[in-house]
Amino acid sequence: MTFLQLLFYTFAMLALIGAFMVVVSKNPVQSVLFLVFTFFATAGIWMILHSEFLSLVLVLVYVGAVMTLFLFVVMMLSVHIETLREGFVRYLPFGLIIVGILIALTVMVLGPARFGLAQMPAPGLKPADYSNLANLGSVLFTDYAYPFEVAGVILLTAIIAAISLAHRPPHKRKTQNVVDQINVTPKDRLRIIKMPSEKN
Amino acid sequence: MIPLSDFLIFAAILFSMGIAGIILNRKNIITLLMSIELMLLAVNTNFIAFSYFLGNNIGEVFVFFILTVAAAEAAIGLAIMVILFRKTKSIEVQKLDLLKG
């Protein structure tokens, strides 16, 4: 087994173990951390597939931003762990049957008979100055510039939606009214009382 | 060399684990959202494997957009969950039955 194959099988096993633990964990925080682990292993697999930019984007953006968001929200909500596992044992045989059928069907269709090395040969080694980032950019900003802008609009929509959903108005909050503060005169704040001084 | 079928089978197993997560964890919104992320990850791996074997960059462009949409969807889903928790103090999916007939 070559080093590349060993690397692929190691990363694949780690990713599948992580995915299994995500589904099976009792604690939501453990689930999120196992999902982070799965993403790291899958980033390794994407690196084997010569897409360095996307594997690093997966780690930086997806794990660094989205999973951190998940962790914050999970730790913010107090969760009753017993009530969340009620349906687990009841649906377990049904779930296992569905998973088994799916895996069997996909292995039959996508197996080595149709997509092995004879039908889809592995591409040769790239030249020394091959840059995945440059190739991706040259396609993304020319042929797919319009979907790129639409992706930006999607992110803007997500920002507006998330902020308008989660924002709390200053309902019982004490804030300052800046206009009133600026229009204050000394008479409002200070009252000078003239009193005769007492002797002894 | 690693044949394409290995990558596709790996992505298929990851996808079916995401489906199993949705089936088995019906009450827990957080695990539901994470199973959806698992399924999206499996689809992304599929795209990148085909992109490598067909010598194209189009698969990677599509993965770029899937990552964008998945991040936006995760953010909005979590914002809805936060509001649900503020209103009902629990995150059970069964509590979302206000439109029930």
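Just so it is clear, the structure is predicted and the values come from calculations on it, not from any experiment.

A. A look at the overall build of chain A. Counting its secondary structure elements, chain A contains 9 helices and 0 strands. The helix and strand sequence of chain A, counted from the amino end, reads α-α-α-α-α-α-α-α-α. Against the compact-globule benchmark of 16 Å for 200 residues, chain A has a radius of gyration of 30 Å, which places it well outside the compact range. Expressed as a percentage of the 200 residues in chain A, the buried residues total 28%. Long-range contacts, defined as pairs at least 24 residues apart, comprise 57% of the intrachain contacts of chain A with a sequence gap of at least 6. Of the roughly 13900 Å² of accessible surface on chain A, a fraction of 70% belongs to carbon and sulfur atoms. Averaging the coordinates of the 14 positive side-chain charges in chain A and doing the same for the 9 negative ones gives two points 14 Å apart.

B. Here's a closer look at the side chain of B:D6. Here B:D6 is to be found in helix 1 (residues 4-24). The buried charged residue B:D6 lacks any salt bridge partner; its closest oppositely charged side chain belongs to A:R114, at an N-O distance of 15 Å. Engagement of the side chain of B:D6 in a polar contact is seen with the side chain of A:Y9, the distance being 2.8 Å. Apart from the residues within four sequence positions on either side, B:D6 is in contact with A:F8 and A:Y9.

C. Looking closely at the packing of helix 4 (residues 88-109) of chain A against helix 1 of chain B. Packing of helix 4 of chain A against helix 1 of chain B leaves a shortest axis separation of 9 Å and a crossing angle of 160 degrees. Accordingly, the angle class assigned to the pair helix 4 of chain A and helix 1 of chain B is roughly antiparallel. Here helix 4 of chain A runs over helix 1 of chain B; the crossing is right-handed. Each of A:F88, A:Y91, A:L92, A:F94, A:G95, A:I98, A:V99, A:L102, A:I103, A:T106 and A:V107 in helix 4 of chain A lies in contact with helix 1 of chain B, whose residues at this interface are B:I9, B:A12, B:I13, B:S16, B:I19, B:A20, B:I23 and B:L24. Looking at the contact of helix 4 of chain A with helix 1 of chain B residue by residue, the classes come out as 16 nonpolar, 3 polar and no charged.

D. Quick look at the packing of helix 1 of chain B against helix 2 (residues 29-54) of chain B. Residues and elements named next belong to chain B. Interhelical geometry of helix 1 versus helix 2 gives an angle of 165 degrees and a closest axis separation of 8 Å. Taken as axis vectors, helix 1 and helix 2 run roughly antiparallel relative to one another. As helix 1 packs across helix 2, the resulting crossing turns out to be left-handed. Tallied by class, residues from the contact of helix 1 with helix 2 come to 19 nonpolar, 5 polar and no charged.

E. Geometry of the interface of chain B and chain A. Counting from both sides, the interface comprises 66 residues of chain B and, opposite them, 83 residues of chain A. Summed over both partners, the interface of chain B with chain A comes to about 7000 Å²; 81% of that surface belongs to carbon and sulfur atoms. Contact with chain A buries surface across chain B, with B:L24, B:M34 and B:Y52 losing the most and accounting together for 10% of the total. Counting the contacts that link chain B with chain A gives 7 residue pairs in polar contact (both at pLDDT 80 or more). Put simply, the parts of the chain that give the side of chain B that touches chain A at least two residues each are helix 1, helix 2 and helix 3 (58-88) of chain B. Ranked by residue count, the leading element in the side of chain B that touches chain A is helix 3 of chain B, at 23 residues. Across the side of chain B that touches chain A, the residue classes tally to 49 nonpolar, 10 polar and 7 charged.

Thresholds, definitions, all that
- Residues numbered from 1 in each chain as written.
- Chains lettered and ligands numbered in written order.
- Predicted model: local features only at pLDDT ≥ 70, side-chain atom pairs only at ≥ 80, totals over all residues.
- Heavy atoms only, no water.
- Helix = DSSP H or I, 4+ residues; strand = E, 2+ residues; numbered from the N terminus.
- Rg over C-alpha atoms; globule rule 2.2 N^0.38 Å.
- Buried < 20%, exposed > 50% of the residue type's maximum accessible area, 1.4 Å probe, protein only.
- Contact = heavy atoms within 4.5 Å.
- Areas by Shrake-Rupley, 256 points an atom, 1.4 Å probe, with all protein chains shown as cover.
- Lys, Arg positive; Asp, Glu negative; His and termini not counted.
- Charge placed at Lys NZ, Arg CZ, Asp CG, Glu CD.
- Salt bridge = Lys/Arg side-chain N within 4 Å of Asp/Glu carboxyl O.
- Polar contact = N/O pair within 3.5 Å; in protein donor to acceptor, adjacent residues only side chain to side chain.
- Axes fitted to C-alpha atoms, helices over the stretch in contact; angles between N-to-C directions.
- Parallel < 35°, antiparallel > 145°, perpendicular 65-115°, else oblique.
- Left-handed = near helix turned anticlockwise from the far one by under 90°.
- Nonpolar A, V, L, I, M, F, W, Y, C, P; charged D, E, K, R; others polar.
- Buried area = accessible area lost by both parts, 1.4 Å probe.

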